[in-house]
Amino acid sequence: MELESIYEISRVAEFICSRNLTRVALQFPDELLKDSMRVVKALRQKLDSSVKLYVMADTTYGSCCVDEVGAAHVNAQCVVHYGRTCLSSTSTIPALFIFEKALINPSNCARKLLDHSLKSGKPILVLSGLEYAHAIPEIKQALASDASSISGSTSMLEVCYADVCCSVVSPSETCTSVDQIGVSSRVVNECPAEESNQNFNIGGLSWRLPQGQKMEDYSLFWIGLDNPAFANVVMTFNSCEIVRYDATEDCLVTDLSQQKKILRRRYYLVEKAKDANMVGILVGTLGAAGYLHMIHQMRELIAQAGKKSYTFVMGRPNPAKLANFPECDVFINVSCAQTALLDSKEFLAPIITPFEAILAFDRGSQWTGAYVMEFRDLIVSTPSIERKQSEEARFSFIQGGYVEDLDPQDDDEMEKDEILSLVNVTEKALQVRDEDTQSLTRSTAKSGAEYFASRSYHGLDINSTESLPGKFLAGRSGKASGYKDEKAEISHS
């Protein structure tokens, strides 16, 4: 495919000119960075010389989200995002999304879809990765052609297609579906909008179901790879029958037992998180709208559960980074739906999602089997955790359970006893190694900060008397291929 069609050069140029933008950031994932200079050169030929283009790469968080922090460094007025995306709403800057266009054979896909439709006996909902959205019209046409050649059993064939919500996101605008989602009486006919009362969206896709129908009534046909976008669909609609068409292998994958195991492991992590005393909140995105509200909501939730919380901003988490905070029993990853699920088998502490944190820390919550990946769907203006103190039961370390309707006079005395009991429990939980004996001793650390101070390694202390300016060593200067001191050694030799 040509550069113009892959990266939609004319469309991007028209978008920039129509909005009179003069500073535009172009965000590329690592796999597309090789084409960045060619894209810039092609855009230069269609734009005025006053327009400044900036290439962004190596994003701090997931490349599927808009890097608003990187764009702010160059005062960009807009971000053009290329490649795989979660289509999360931005919080401060508008963005234009140019989806990847993966290769697919529409005829082969339509035949697989038709065969599955005849065998399933259920209405079919076609979902796809955004990289295959360009091929949906051809797949529709091929399916209609194949179905028309078969008589009898296709008279009641029902197929729905999810559409891309939009390709332009602005902080002040709501992303809505462009096209109507149709259900056919025979193959595919448009369904009148007034007959649909249920709107669904996931991963940048949206669709409507006719009145009286539920998602469980449909068989989901996913076109795409086994990637985070597909995992999002499997987790969210775990009660539906799902099959996946692999366009690269031209085959239909019906065995999703491995994906279903993920749900059972997430339930195990929820149960494990209930025993946590210290909780770390990982900031997994700085671009998705509402992430700050969710962080504050998580802090309030943890505080109401009688636990301690710390917030960490460290980019993409890995076992080495999180191992620096062994006092945290569990971490909550606040990020977009496609980067929220982290396999924490290699980590010292489990990593859960905000939805799982609500199940673990909000007393009375029960898992019904439903799963929510988008943290924006969990944000509430008056969350249930903001109950009045007089109406909420609290956990008693003395009585070993939740107590209610305390007498005001007895409440003060019990509160003092509760504090002393909580201190004792915390001291036992925060046993640290003595620096001299390297043996476990009972520490008086009562917070994460004191725990950090008791560790043997504290990092570089600028204010230390031992770290005087005269003791700092100057680093090498020059290029890695030949530092200045190396050149001096070569000349002497």
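Residues numbered from 1 in each chain as written. Predicted model: local features only at pLDDT ≥ 70, side-chain atom pairs only at ≥ 80, totals over all residues. Heavy atoms only, no water.

All right, on to the overall build of the protein chain then. The secondary structure content of the protein chain amounts to 14 helices and 23 strands. Counting all 493 residues of the protein chain, 44% fall into the buried class. Contacts in the protein chain between residues at least 24 apart in sequence constitute 64% of all its contacts with a sequence separation of at least 6. Taken as a whole, the protein chain presents about 26,500 Å² of accessible surface, with 50% of it coming from carbon and sulfur. (Helix = DSSP H or I, 4+ residues; strand = E, 2+ residues; numbered from the N terminus. Buried < 20%, exposed > 50% of the residue type's maximum accessible area, 1.4 Å probe, protein only. Contact = heavy atoms within 4.5 Å. Areas by Shrake-Rupley, 256 points an atom, 1.4 Å probe, with all protein chains shown as cover.)

Looking now at the confidence of the model for the protein chain. Overall, the prediction assigns the protein chain a mean pLDDT of 78, with 73% of residues at 70 or greater. Within the protein chain, strand 1 (residues 23–27) carries the highest mean pLDDT (96), whereas strand 21 (residues 440–441) carries the lowest (40). Confidence drops under a pLDDT of 50 for residues 174–196, and excluding neighbours within four residues, the segment shows 62 contacts in the predicted structure. Counting contacts from residues 381–406, a segment whose pLDDT is below 50, to residues more than four positions away or on other chains yields 42 contacts. (pLDDT = per-residue confidence, 0-100.)

Overall, the coordinates contain nine aromatic pairs when judged by the stated rule. Pairing Phe 355 with Tyr 371 gives two aromatic rings, centres 5.0 Å apart and planes at 65 degrees, and the pair type is edge-to-face. Of this pair, Phe 355 sits in helix 11 (residues 354–361) while Tyr 371 is found in the loop between helix 11 and strand 18 (394–396), placing the two residues 16 residues apart along the sequence. Ring pairs connect the aromatic residues Tyr 7, Phe 28 and Tyr 82, which therefore count as one cluster. (Phe/Tyr/Trp six-rings, centres within 6.5 Å; stacked < 30°, edge-to-face > 60°.)

For the rest of this paragraph, the subject is helix 8 (residues 257–273). End to end, helix 8 covers 25 Å across 17 residues, agreeing with the expected 24 Å (1.5 Å per residue, within 8%). Of the positions making up helix 8, those classed as buried are Gln 259, Leu 263, Arg 266, Leu 269, Val 270 and Ala 273. Seen along its axis, helix 8 keeps its buried residues to an arc of 120 degrees; they face one direction. Structural note: helix 8 exposes Gln 258 and Arg 264 on the side pointing more than 90 degrees away from its buried face. Against helix 7 (228–236), strand 16 (330–334), strand 17 (351–352) and helix 11 lie the buried residues of helix 8. (Expected span 1.5 Å × (residues − 1). Arc of directions from axis to C-beta.)

Attention shifts here to the pattern of salt bridges. Per the stated rule, a full pass over the model turns up eight salt bridges. The shortest N-O distance in the salt bridge between Lys 122 and Glu 241 comes to 4.0 Å. On the criterion of sequence distance, the pair formed by Lys 122 in the loop between helix 5 (106–120) and strand 5 (124–128) and Glu 241 in strand 12 (residues 241–246) is long-range, its members being 119 residues apart. For Lys 122, a relative accessible area of 32% gives the class partly exposed. (Salt bridge = Lys/Arg side-chain N within 4 Å of Asp/Glu carboxyl O.)

What follows is about the pairing of strand 1. Summarising burial for strand 1: four of the five residues are buried, a large majority. Where strand 1 and strand 2 (residues 52–56) come together, five bridges link them in parallel fashion. The residue of strand 2 that forms the bridge with Arg 23 is Lys 52. Read from strand 1 through helix 3 (residues 36–44) to strand 2, the crossover connection turns out right-handed. Alignment of strand 1 against strand 3 (residues 78–82), held across four bridges, turns out to be parallel. Bridging from a neighbouring strand, Val 24 pairs with Cys 78 of strand 3. (Pairing = 2+ DSSP bridges. Right-handed = clockwise from strand over helix to strand, strands pointing away.)

Pairing within the open sheet is mixed, and its five strands lie in the order 6-5-11-12-13. The strands lining the two open edges of the sheet, one partner per strand, are strand 6 (159–161) and strand 13 (251–253). When the angles between neighbouring strand axes are averaged without regard to direction, this sheet yields 25 degrees. In terms of strand pairing, strand 5 meets strand 6 through three bridges, oriented parallel. In the sheet register, Ile 124 faces strand 6, and the bridge partner there is Val 159. (Axes fitted to C-alpha atoms, helices over the stretch in contact; angles between N-to-C directions.)

Note on placement: Gln 211 falls in the loop between strand 10 (205–210) and strand 11 (219–223). When its relative accessible area of 62% is taken as the criterion, Gln 211 is described as exposed.

This part is about the packing of helix 7 against helix 8. Contact geometry of helix 7 with helix 8 gives a least axis separation of 10 Å together with a crossing angle of 65 degrees. As summarised for this structure, helix 7 and helix 8 are arranged roughly perpendicular, according to the angle between their axes. For the pair helix 7 and helix 8, the crossing hand works out as right-handed. Across from Phe 230, Val 234 and Met 235 in helix 7, the residues of helix 8 making contact are Gln 259, Ile 262, Leu 263 and Arg 266. For the contact of helix 7 with helix 8, the per-class residue count stands at five nonpolar, one polar and one charged. (Parallel < 35°, antiparallel > 145°, perpendicular 65-115°, else oblique. Left-handed = near helix turned anticlockwise from the far one by under 90°. Nonpolar A, V, L, I, M, F, W, Y, C, P; charged D, E, K, R; others polar.)

Turning to the side chain of Lys 307, a few remarks are in order. Residue position: Lys 307 is located in the loop between helix 9 (291–304) and strand 15 (308–312). At 7.0 Å, Asp 275 is the nearest oppositely charged side chain to Lys 307, a buried residue that forms no salt bridge. Residues in contact with Lys 307, not counting those within four places in the same chain, are Lys 274, Ala 276, Asn 277, Val 279, Ile 302 and Phe 361. (Lys, Arg positive; Asp, Glu negative; His and termini not counted.)

Let's shift gears to the environment of Ser 145. Among the secondary structure elements, Ser 145 is positioned in helix 6 (residues 136–148). For the pair Ser 145 and Ala 110, spaced 35 residues apart in the sequence, the C-alpha separation amounts to 9.3 Å.

Throughout the structure, instances matching the rule amount to four cavities of 30 Å³ or more. Here the largest cavity defines a volume of roughly 170 Å³. Considering the residues around the largest cavity, the lining is formed by 18 residues, among which Thr 85, Gly 129, Leu 130, Ala 229 and Gln 338 are closest to the centre. Across the lining of the largest cavity, the residue classes break down as seven nonpolar, eight polar and three charged. (1 Å grid on protein atoms, 1.4 Å probe; cavity = no way out; pocket = protein on both sides within 12 Å on 5 of 7 lines; lining within 4 Å. Points joined across faces, edges and corners; volume = space filled by probe spheres on them.)

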